[in-house]
Amino acid sequence: MRIDIQSVDMKVGQELRNRIEDKLSKFDRYFDDSALCEVKCTTDGPDLKRVEITLHVDKKIYRAERSEDDIFTALDSAIDVLQGQIRKHKTLMSNMNGKYDSMKKFVQEELVDDVSADEEVDEVNYDFRYKSFEIQAMSDEEAAMQMDLLNHSFFVYISDETGHVNVIYKRKSDSYGVIEPIY
């Protein structure tokens, strides 16, 4: 697994770099060199440090972010969240009777500190509802306004600048995010 460490508004020293690589090395046995793990360390206000970890495996993305007073604590918390996501996904995949061949090796393996035999894992049943609508070209601002008028958390539209399908969504900070898919 390749690891890419980035920082914003802070310096990542050798001790933190070693700790990141050491903590993430436990996932090496499940993911080969094609997996990419991006770690971003930033400051989050005057007293908090934030660690964001994004793990790209085939077409799947695992993501965890945590803010704490100490960068090492934030790293440990984010790793725990990421491990929980991978464990849950592994259980879901094994319950799907091998429908996902790209994860076959991962599903057959067990995590070092995986769920004990006594623990019960919730089964997830996906309930899908389908809706069709005509996509219209508009600016990001028009799409945000339309999303707010509909009281939705996201809105799909065609960017009048690029001509591509975009998704605008409301972020936790009450700002907006735009997803521009590459296809």
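Residues numbered from 1 in each chain as written. Predicted model: local features only at pLDDT ≥ 70, side-chain atom pairs only at ≥ 80, totals over all residues. Heavy atoms only, no water.

As recorded in an unreviewed UniProt entry, the protein chain goes by Ribosome hibernation promoting factor and comes from Fastidiosipila sanguinis. Quoted straight from UniProt, the Subcellular location (unreviewed entry) entry for the protein chain says "Cytoplasm". UniProt annotates the protein chain under Subunit (unreviewed entry) with the comment "Interacts with 100S ribosomes." (UniProt positions renumbered as here; feature names shortened; annotations may be inferred.)

Participant: Which parts of the structure should I look at to understand the pattern of salt bridges?
Facilitator: Pairs can form between side chains of opposite charge once their charged atoms are near each other. Applying the stated criterion to the full structure yields 6 salt bridges. The residue Asp44 makes a salt bridge to Arg50 at a minimum N-O spacing of 2.7 Å. Among the residues examined, Asp44 registers a relative accessible area of 26% and is labelled partly exposed. Owing to a relative accessible area of 18%, Arg50 belongs among the buried residues under this scheme. Residue Glu65 pairs with Arg63 through a salt bridge whose shortest N-O separation is 2.6 Å. Members of the salt-bridge network, linked through shared partners, are Asp44, Arg50, Glu52, Arg63 and Glu65. (Salt bridge = Lys/Arg side-chain N within 4 Å of Asp/Glu carboxyl O. Buried < 20%, exposed > 50% of the residue type's maximum accessible area, 1.4 Å probe, protein only.)

Participant: Please explain the pairing of strand S7 (residues 165–170) as it appears in this structure.
Facilitator: Put simply, side chains in a regular strand alternate between the two faces of the sheet. Note that strand S6 (residues 154–159) and S7 share 5 bridges and pair antiparallel. Looking at the pairing, Tyr157 lines up with Asn166 of S7. Here S6 folds back onto S7, and the loop between the two strands holds 5 residues, one of which, Gly163, carries a positive phi near 80°. Direction of pairing for S7 relative to strand S8 (residues 176–179): antiparallel, over a ladder of 4 bridges. Residue pairing across strands places Val167 opposite Ile179, the latter belonging to S8. The turn joining S7 and S8, which pair antiparallel and follow one another in sequence, is formed by 5 residues; a positive phi near 65° is taken by Asp174. (Pairing = 2+ DSSP bridges. Helix = DSSP H or I, 4+ residues; strand = E, 2+ residues; numbered from the N terminus.)

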